[in-house]
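Chain residues, written in single-letter form:
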Number of protein chains: 2
Amino acid sequence: MRVAELSKQSGVSVATIKYYLREGLLPRGESTGPNQAQYGERHLRRLQLVRALIDVGGLSIAATRDLLVYLDEPGVSLGQRLGSAMGSVTQVKRRAVEGDRGAARAIVADLVERRGWEIDVDDPACDNLVEVVAAIAAIGGTGGDALLSEIDRFAVVAEIAARGDLEAVTRPAEPDAAVETAVVGTIVGDTLISALRRLAQVNEAGRLFREG
Amino acid sequence: MRVAELSKQSGVSVATIKYYLREGLLPRGESTGPNQAQYGERHLRRLQLVRALIDVGGLSIAATRDLLVYLDEPGVSLGQRLGSAMGSVTQVKRRAVEGDRGAARAIVADLVERRGWEIDVDDPACDNLVEVVAAIAAIGGTGGDALLSEIDRFAVVAEIAARGDLEAVTRPAEPDAAVETAVVGTIVGDTLISALRRLAQVNEAGRLFREG
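Residues numbered from 1 in each chain as written. Chains lettered and ligands numbered in written order. Predicted model: local features only at pLDDT ≥ 70, side-chain atom pairs only at ≥ 80, totals over all residues. Heavy atoms only, no water.

1. Describing the relation of the copies chain A and chain B
Overlay of chain A on chain B (RMSD 0.0 Å): rotation 180 degrees, translation along the axis 0.0 Å. In short, the pair behaves as if placed about a two-fold rotation axis. Looking at the rotation axis and the C-alpha trace of chain A, the residue lying nearest is A:Val157, at 2.9 Å. Here 100% of the interface residues in chain A have copies in chain B that are interface residues too; the copies meet face to matching face. (Least-squares fit on C-alpha atoms with pLDDT ≥ 70 in both. Contact = heavy atoms within 4.5 Å.)

Rendered as structure tokens:
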């Protein structure tokens with residue numbers, strides 16, 4: 001299909017499609033003449049994935065590009081691509097924050113031990129959480145201390161989510177679909193949990209109000 | 001204290017503090033001469049809150065400003081300020097997305113009924129979730145359908161989180177602290193859940209790998 005048809009089928013404007021092509025988020029179509037190219041199902045699928053990560057997941061253009069690299073790696077096993085994509089997903093959400101990394105790493109190490117998670121605290125997988133904990137500790141009295149005092153509660157919630165996540169990822173038969181499901185489930189799943197948590201808070205507040 | 005001392009105590013650069021002052025995220029200090037102002041504990045506290053929302057929570061400058069308005073409303077009860085701040089928090093995470101709102105609202109309505117949540121689906125509190133569901137539905141086969149088929153699982157996770165959230169918010173004795181705890185717990189708490197979920201996934205993947 002031509003770019004106009006790709007735009008129509010995806011609901012993404014031609015200008016945005018051209019921007020994604022320039023930024024390397026979408027592979028070029030097959031050239032059929034000067035300023036003309038043909039796009040296929042693969043482009044439509046990739047376009048929907050990019051929209052999901054950026055619009056719903058809130059990733060930046062750069063973070064999305066970093067992540068897509070792992071999805072396209074040729075000759076690499078599903079397990080490796082999944083691992084790399086998940087590692088990238090972990091890093092892209094890291095933010096520049098102030099705070100004491102040493103103290104934060106100790107808090108994470110204690111939590112990992114209490115939860116019985118079999119994770120090495122020096123593993124890069126822990127770095128993102130250490131950054132987040134350091135940043136929250138730096139907030140201090142303005143809600144940060146209160147949040148950290150409840151980190152176990154949040155960890156239990158995360159455990160319950162993760163258990164289902166892994167089941168969902170191992171379900172698709174096709175390797176590419178498994179990686180996409182993992183990436184969308186993780187990034188967009190965060191947004192879904194956040195929106196649902198807001199609504200569950202409203203429900204819970206109403207319940208407390210009626211009881212009280 | 002002078003702006004240099006405020007910078008030192010908060011770990012936020014003078015340039016950033018001046019930017020926040022211009023953008024209305026931080027109230028002006030008490031003027032003590034031309035180009036001189038004094039800042040107090042209230043400014044330090046607000047600065048830490050702003051950093052938490054922007055650096056850790058990932059809010060934009062505009063979204064942060066919208067949210068702070070509700071924290072500062074004078075002569076309004078704690079309950080009202082909490083409700084307004086939470087409503088603002090819900091809206092600031094909304095993103096521009098394509099998708100069928102009608103179908104999404106039906107999905108949310110069914111979910112609310114299955115979960116027994118006492119929420120009117122036409123309530124603005126539902127709008128954010130409807131947007132997110134519409135966007136996920138638009139992704140379709142690229143992981144979106146898989147994610148929506150598990151919306152109940154995510155809702156259970158959200159319920160568990162929300163139950164603790166409300167307990168945490170109703171704990172502080174001081175009204176201002178309660179509102180701050182609610183805002184930080186909600187916005188920064190999303191980031192914490194996300195980071196913990198990533199680590200719990202690594203743990204869970206390792207467990208499955210050892211078993212399999």
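2. Remarks on the interface of chain A and chain B
Facing the 80 residues of chain A at the interface are 80 residues of chain B. Taking both partners together, chain A and chain B bury about 7,000 Å²; carbon and sulfur atoms supply 69% of that area. If you sort the residues of chain A by the area they bury against chain B, A:Thr142, A:Arg197 and A:Leu199 come out on top, with a joint share of 10%. Run the count over chain A and chain B and you get eight salt bridges. A:Asp190 is the salt-bridge partner of B:Arg198, the closest N and O atoms lying 2.5 Å from each other. Applying the counting rule to chain A against chain B returns 20 residue pairs in polar contact (both at pLDDT 80 or more). Counting only elements with at least two residues in the side of chain A that touches chain B, the list comes to helix 3 (41-56), helix 5 (78-92), helix 6 (101-115), helix 7 (124-139), helix 8 (144-148), helix 9 (151-169) and helix 10 (175-211) of chain A. Tallied by class, residues from the side of chain A that touches chain B come to 43 nonpolar, 19 polar and 18 charged. (Buried area = accessible area lost by both parts, 1.4 Å probe. Salt bridge = Lys/Arg side-chain N within 4 Å of Asp/Glu carboxyl O. Polar contact = N/O pair within 3.5 Å; in protein donor to acceptor, adjacent residues only side chain to side chain. Helix = DSSP H or I, 4+ residues; strand = E, 2+ residues; numbered from the N terminus. Nonpolar A, V, L, I, M, F, W, Y, C, P; charged D, E, K, R; others polar.)

3. Digging into the packing of helix 3 of chain A against helix 4 (residues 61-72) of chain A
Residue and element names in this part refer to chain A. Contact geometry for helix 3 and helix 4: axes closest at 10 Å, N-to-C directions at 135 degrees. By the criterion of interaxial angle, the relationship of helix 3 to helix 4 is oblique. Here helix 3 and helix 4 pass one another in a crossing that is right-handed. Residue-level inspection shows Arg46, Leu49, Val50, Leu53 and Ile54 of helix 3 in contact with helix 4, the latter providing Ile61, Thr64, Leu68, Leu71 and Asp72. Partitioned by chemical class, the residues of the contact of helix 3 with helix 4 number seven nonpolar, one polar and two charged. (Axes fitted to C-alpha atoms, helices over the stretch in contact; angles between N-to-C directions. Parallel < 35°, antiparallel > 145°, perpendicular 65-115°, else oblique. Left-handed = near helix turned anticlockwise from the far one by under 90°.)

4. Side note on empty space enclosed by the protein
Taken as a whole and assessed by the stated rule, the structure comprises four cavities of 30 Å³ or more. Considered as a void within the structure, the largest cavity measures approximately 100 Å³ in volume. If you trace the largest cavity, you find 15 residues lining it, with A:Glu150, A:Arg153, B:Ala168, B:Thr181 and B:Gly185 closest to the centre. Of all the secondary structure elements, the ones that give two or more residues to the lining of the largest cavity are helix 8, helix 9 and helix 10 of chain A together with helix 9 (151-169) and helix 10 (175-211) of chain B. Of the residues forming the lining of the largest cavity, the biggest block, four residues, is contributed by helix 10 of chain B. Considered class by class, the residues forming the lining of the largest cavity number six nonpolar, five polar and four charged. (1 Å grid on protein atoms, 1.4 Å probe; cavity = no way out; pocket = protein on both sides within 12 Å on 5 of 7 lines; lining within 4 Å. Points joined across faces, edges and corners; volume = space filled by probe spheres on them.)

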